[in-house]
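# Structure assessment
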Protein chains: 2
Amino acid sequence: MSAAFSVEPRAPATAEEEAYRHIQRALRVGRYKSGERLIPEDIAAEIGMSRMPVREAFRRLASEGLVVLRPNRGCVVAGLTLDELNETFEMRSVLEGLAVRLAMPNIGEDEIDDLERLLDRMERAGQSSSSDWVIRHQEFHGSICSLSQRPKLIHQISALHAVVEPYMRIWFDDVDKPLSAREEHATVISALRSGDARHAERVMQDHILGTAPLLAEFVTPNRTMNTGR
Amino acid sequence: MSAAFSVEPRAPATAEEEAYRHIQRALRVGRYKSGERLIPEDIAAEIGMSRMPVREAFRRLASEGLVVLRPNRGCVVAGLTLDELNETFEMRSVLEGLAVRLAMPNIGEDEIDDLERLLDRMERAGQSSSSDWVIRHQEFHGSICSLSQRPKLIHQISALHAVVEPYMRIWFDDVDKPLSAREEHATVISALRSGDARHAERVMQDHILGTAPLLAEFVTPNRTMNTGR
DNA sequence: AAAAGTATTTTTGTATCCACTTATCCAATC
DNA sequence: GATTGGATAAGTGGATACAAAAATACTTTT
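Residues numbered from 1 in each chain as written. Chains lettered and ligands numbered in written order. Predicted model: local features only at pLDDT ≥ 70, side-chain atom pairs only at ≥ 80, totals over all residues. Heavy atoms only, no water.

## Observations regarding the interface of chain B and chain A
Listed as interface residues are 25 residues of chain B and, on the opposing side, 26 residues of chain A. Together, the buried faces of chain B and chain A total about 2500 Å²; carbon and sulfur atoms form 61% of this surface. For the pair chain B and chain A, the number of links is eight salt bridges. For A:Glu56, the salt bridge identified is with B:Arg59, shortest N-O distance 2.8 Å. Between chain B and chain A we count 12 residue pairs in polar contact (both at pLDDT 80 or more) in total. At the level of secondary structure, the elements contributing two or more residues to the side of chain B that touches chain A comprise helix H3 (51-63), helix H4 (82-103) and helix H7 (151-175) of chain B. Among the elements that take part in the side of chain B that touches chain A, H4(B) stands out by supplying 10 residues, more than any other. Class assignment for the residues of the side of chain B that touches chain A results in 11 nonpolar, four polar and 10 charged. (Contact = heavy atoms within 4.5 Å. Buried area = accessible area lost by both parts, 1.4 Å probe. Salt bridge = Lys/Arg side-chain N within 4 Å of Asp/Glu carboxyl O. Polar contact = N/O pair within 3.5 Å; in protein donor to acceptor, adjacent residues only side chain to side chain. Helix = DSSP H or I, 4+ residues; strand = E, 2+ residues; numbered from the N terminus. Nonpolar A, V, L, I, M, F, W, Y, C, P; charged D, E, K, R; others polar.)

Right, here's the structure in full:
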C-alpha cells in the first residue's frame, strides 16, 4: 500500500504536545463523555506533568471545537446541538467535496486499489468495536483528502471529523449496520473511478450530507448543554 | 441598518483574551510583518501582564494560522506560500459559497439594502487607507455570511479571511483600484437578488477564486519562510 | 422546612522562578 | 579570510506559588 496517507507517529517534543495527544486520544475512544468536566490537575497527574501544559492543550482543543472553555469555569467536553451537528456536516460536505475535486488528477488505479483495501479494513474493524470502525472510517476519508495535496484543507476536514466522531461511534454501536455503510463508500469509490471531478465532488457531498440525519437522534435536541452545563 | 452582523465589543474577561485581541489587532493593521518574531515578554510588557497569558494567546492564534509556533523557537508571524494562498482561497470559495446558499432564504429587500450601504462604506473607506478598506471588505463578506445563521461556518470563514488580509492590504496599496472591486461585489449582490441559491453560490465561489491570482505576486513564491525563517 | 446568606473548600488565572535549549558573538585554527 | 568551536547571552518550556473567583457546605433566619 502506498504511504500516501500517514499520521506522523513522532514522539511529542513538548509536554503540551503530549497532553494534547493524550486528551485527543481519550476523546476519540470515548473515555470522556460530552458535557464532562476536564480537571487540569487530574489530567496533569495522569501524564506526570503540571497543569500548565494541559491548560495550553485545552486552548488548542477548544479552537478545534473538541472542548469548550469558559473563563473561571474550566474545560468541558463539547457536545453538539442538532443545529451544530448539521452545520458541521454542511461544512464537511463542501470541504471534502473540494478535496475530492482537487484530488482527482492524482487518482489512478493504485490509489483506487488502496482505497478498496481501506474499505475492507474498515468493514473488518466494524466486526470488533465501533471505536475501531470509526477510526478506519476516518482513515478512509482522510486517505482521499490527502490525495488533494492540500495540507490546510486536510487538517480542517480532520478537525471537523473529530467533532462528530463521538456521535458516529454511538450510532454505530446502536444500529450496528456496516452493510449500508459499505455500499455508501463503494459509491464514492466508483465516482472516483469515473474520472469526472465535479461528479465525484457532488457524490462526496451527498454522501456526507446523507450521514447527518442518521446521527440526529443521538444528539441533544437543541439549545442544551452544548457548552457543558 | 439591521444589526445582523456585529463583532462583540465586550471587555476582555481574562488576560489571555486581552492578549489575543491585542495581537490580532496588531496583525490586522499590519504592525507585525510576516516572518517577524513575536517575543512574549515584550508583548506582555506592552499590555502590562506576564508572559503566560501571551503564550496561551499564541496557541490560539497558531491554530487559526496567524502565527507559527515551533518548539523552543518561539512564535513568528505566519506568511503564506503561493500554494498556501491558493489553498486558502479554495477553502474560502466553497465555504463562503455554502454560506451564501444557506443565507438565501434569509435575504430580503432590507438585507440587500444593508449590503449596498456596506458596499458604499467600503468604497469610501478605500479613499483613505488600505487598512480601512480591507476591514470594510471583511465587513461586507462577513455580513453576507452572518445571514446564513451558522456560527461555526461564520467563524471559520472569518479565520480564513484574517490569514489573507495582510496580502489584500498590500495589494490594495499597490494597485489602488477600488473600481474593479466595486463592480465585482455588485455582481455578488445582484446574484443575491436573483433568489437562486445555487446560482449565488457559484457567483460567490467565482468571485473569491478570482481574487487569489491578484494577490499571487505579493506572496513569497513557494517553500520559503512560510514557517518563519 | 425552605430560602437566603455566610463561611469553607476547590479550582482557576496569573506571576515568578528555574532548567534547558537555541542563538549570538568572539576567538582560534586552517 | 573563511570556518569552526566554544563561551555567553537570550529565550523558551514547564513547575510552583499565590491571589481571585466559583462551587460547595453550612448556618441562620423566617
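## Side note on the pattern of salt bridges
Evaluation of the coordinates by the stated rule reveals 36 salt bridges over all chains. Salt bridges sharing common partners tie together A:Glu16, A:Glu17, A:Arg21, A:Glu56, A:Arg60, B:Arg55 and B:Arg59.

## A word on the protein's contact with DNA strand D
With respect to spatial proximity, 19 residues lie near DNA strand D, and among them A:Ala15, A:Ser50, B:Arg51, B:Met52 and B:Arg55 are the closest. Atoms of DNA strand D within 4 Å of the protein belong to the sugar or the phosphate in 67% of instances, the rest to bases. B:Arg51 is positioned such that a nitrogen or oxygen atom in its side chain is 3.2 Å from a base oxygen of DNA strand D. Of all the elements in the fold, those that place two or more residues in the surface near DNA strand D are helix H1 (15-28) and helix H3 (51-63) of chain A together with H3 of chain B. Considered class by class, the residues forming the surface near DNA strand D number seven nonpolar, five polar and seven charged. (Near = heavy atom within 4 Å.)

## Some points on the protein's contact with DNA strand C
The local shell around DNA strand C holds 17 residues, among which A:Arg51, A:Arg55, A:Asn72, B:Ala15 and B:Ser50 are the closest. Put simply, 64% of the atoms of DNA strand C that lie within 4 Å of the protein are in sugar or phosphate. Contact between DNA strand C and A:Arg51: a base oxygen at 3.0 Å from a side-chain N or O atom of the residue. A breakdown of the residues in the surface near DNA strand C according to their chemical character gives seven nonpolar, five polar and five charged.

## A closer look at the sheet that holds strand S2 (residues 67-70) of chain A
Residue and element names in this part refer to chain A. Spatial strand order, S1-S3-S2: three strands in an open sheet with antiparallel pairing. The two strands at the open ends of the sheet, each matched to only one other strand, are strand S1 (37-38) and S2. Two elements, S1 and strand S3 (residues 74-77), share two bridges in a ladder whose sense is antiparallel. When the bridges of S3 are listed, Leu38 appears paired with Cys75. Each of S1, S2 and S3 is contacted by H3, which is oriented at about 115° to S2, the strand it contacts most. (Pairing = 2+ DSSP bridges. Axes fitted to C-alpha atoms, helices over the stretch in contact; angles between N-to-C directions.)

## Quick notes on the side chain of A:Glu84
All names here are of chain A. Following the sequence through the fold, Glu84 ends up in helix H4 (residues 82-103). A residue is classified by how much of its surface remains accessible, and Glu84, at 17% relative accessible area, is buried. Separated by 3.0 Å, the side chain of Glu84 and the backbone nitrogen of Thr81 make a polar contact. (Buried < 20%, exposed > 50% of the residue type's maximum accessible area, 1.4 Å probe, protein only.)

## Here we look at unusual backbone geometry
Even without glycine at this site, A:Gln149 takes up a positive phi of about 60°. With respect to the helices, strands and loops of the structure, A:Gln149 is situated in the loop between helix H6 (130-146) and helix H7 (151-175). Here B:Asn72, not a glycine, exhibits a phi torsion of approximately 65°, which is positive. Along the polypeptide, B:Asn72 turns up in the loop between strand S2 (67-70) and strand S3 (74-77). On the accessibility criterion, B:Asn72 (84% relative accessible area) is exposed.

## A word on the pairing of S3(A)
Residue and element names in this part refer to chain A. Two elements, S2 and S3, share four bridges in a ladder whose sense is antiparallel. Residue pairing in the sheet places Val68 in a bridge with Val76 of S3. In sequence, S2 turns back onto S3 through a hairpin of three residues, with Asn72 there showing a positive phi of about 65°.

## Observations regarding the environment of B:Phe140
Residues and elements named next belong to chain B. Looking at the secondary structure, you find Phe140 in helix H6 (residues 130-146). Phe140 gets classed as buried once you look at its relative accessible area, which sits at 0%. Beyond its immediate chain neighbours, meaning those up to four positions away, Phe140 contacts Leu115, Leu118, Leu119, Met122, His185 and Ile189.

## Points about the domain arrangement of chain A
Residues and elements named next belong to chain A. Looking at chain A, the domain boundaries give domain 1 (15-77) and domain 2 (82-218). Its C-alpha centre places domain 1 at a distance of 27 Å from the equivalent point of domain 2. Across the boundary between the two partners, domain 1 contributes eight residues, which contact 10 residues of domain 2. Carbon and sulfur atoms make up 48% of the surface buried where domain 1 meets domain 2, a total of about 650 Å² over both sides. Looking at the side of domain 1 facing domain 2, the largest losses of area belong to Arg28, Glu64 and Leu66, adding up to 70% of the total buried there. (Domains from an automatic or database assignment.)

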